[in-house]
Amino acid sequence: MPFVYALWVGRRESLSQEDVMSLINAKKYGIQNIDVISDEASERYGVDFEFCKAYLTQNLHYDLGEAEINGMKEFFTYAFYYGIIEFIPEIKFYEFENEVLKK
């Protein structure tokens, strides 16, 4: 199962549709500018541009699908089983997200 290392999380009452759209647009911008980001990372970390681009395009995935959600659920189940967390959190998504994405 894939492991989710990072995701955007927020309290439903704290984020507006505009906030969510800003995050979605930031993701789109980043994906569209992989070459620029790879070039900046190459210079900053002193590694080859192609290495950076391959890492960002072949090793990272920018969408959360069914397999990733199932991986998170499995992770939470094990964390609960081993006493790392006190309860298995429910994974919820913003109700308006699908409506916003259709625009």
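Please read all numbers here as calculations on a predicted model, not as lab measurements.

1. Some thoughts on the packing of aromatic side chains
Logical step 1: Within the structure shown, the criterion is met by five aromatic pairs.
Logical step 2: Look at F3 and F75: their rings are 5.2 Å apart centre to centre, the planes differ by 80°, and that puts the pair in the edge-to-face class. A residue pair is termed long-range when its members are at least 10 positions apart, and F3 in the segment before α1 (17-32) and F75 in helix α4 (residues 66-81) qualify at 72 residues.
Logical step 3: Its relative accessible area of 43% is what places F3 among the partly exposed residues.
Logical step 4: Members of the aromatic cluster, joined through ring pairs, are F3, Y5, F75 and F76.

2. So, the pattern of salt bridges
Logical step 1: Enumeration according to the criterion identifies two salt bridges in this entry.
Logical step 2: Ionic pairing is found between K53 and D35, a salt bridge with its closest N-O pair at 2.8 Å. Residue K53 is found in helix α3 (residues 49-59), and its partner D35 is found in helix α2 (residues 34-45); the two are separated by 18 residues along the sequence.
Logical step 3: You can call K53 partly exposed: its relative accessible area is 27%.

3. Digging into the confidence of the model for the protein chain
Logical step 1: Confidence along the protein chain averages 89 in pLDDT terms, with 91% of residues attaining 70 or more.
Logical step 2: The secondary structure element of the protein chain with the lowest average pLDDT is helix α5 (residues 97-102), at 51, and the one with the highest is α2, at 98.

4. Overview of the layout of surface pockets
Logical step 1: Its boundaries defined by the atoms lining it, the largest pocket holds a volume of some 1500 Å³.
Logical step 2: Forming the boundary of the largest pocket are 42 residues, of which A6, L7, W8, Y62 and L64 lie nearest the centre.
Logical step 3: At the level of elements, α1, α2, α3, α4 and α5 are the ones that each hand at least two residues to the lining of the largest pocket.
Logical step 4: Among the elements that take part in the lining of the largest pocket, α1 stands out by supplying eight residues, more than any other.
Logical step 5: For the lining of the largest pocket, the class distribution of residues is 28 nonpolar, five polar and nine charged.

Each value, and the rule that gives it
- Residues numbered from 1 in each chain as written.
- Predicted model: local features only at pLDDT ≥ 70, side-chain atom pairs only at ≥ 80, totals over all residues.
- Heavy atoms only, no water.
- Phe/Tyr/Trp six-rings, centres within 6.5 Å; stacked < 30°, edge-to-face > 60°.
- Helix = DSSP H or I, 4+ residues; strand = E, 2+ residues; numbered from the N terminus.
- Buried < 20%, exposed > 50% of the residue type's maximum accessible area, 1.4 Å probe, protein only.
- Salt bridge = Lys/Arg side-chain N within 4 Å of Asp/Glu carboxyl O.
- pLDDT = per-residue confidence, 0-100.
- 1 Å grid on protein atoms, 1.4 Å probe; cavity = no way out; pocket = protein on both sides within 12 Å on 5 of 7 lines; lining within 4 Å.
- Points joined across faces, edges and corners; volume = space filled by probe spheres on them.
- Nonpolar A, V, L, I, M, F, W, Y, C, P; charged D, E, K, R; others polar.

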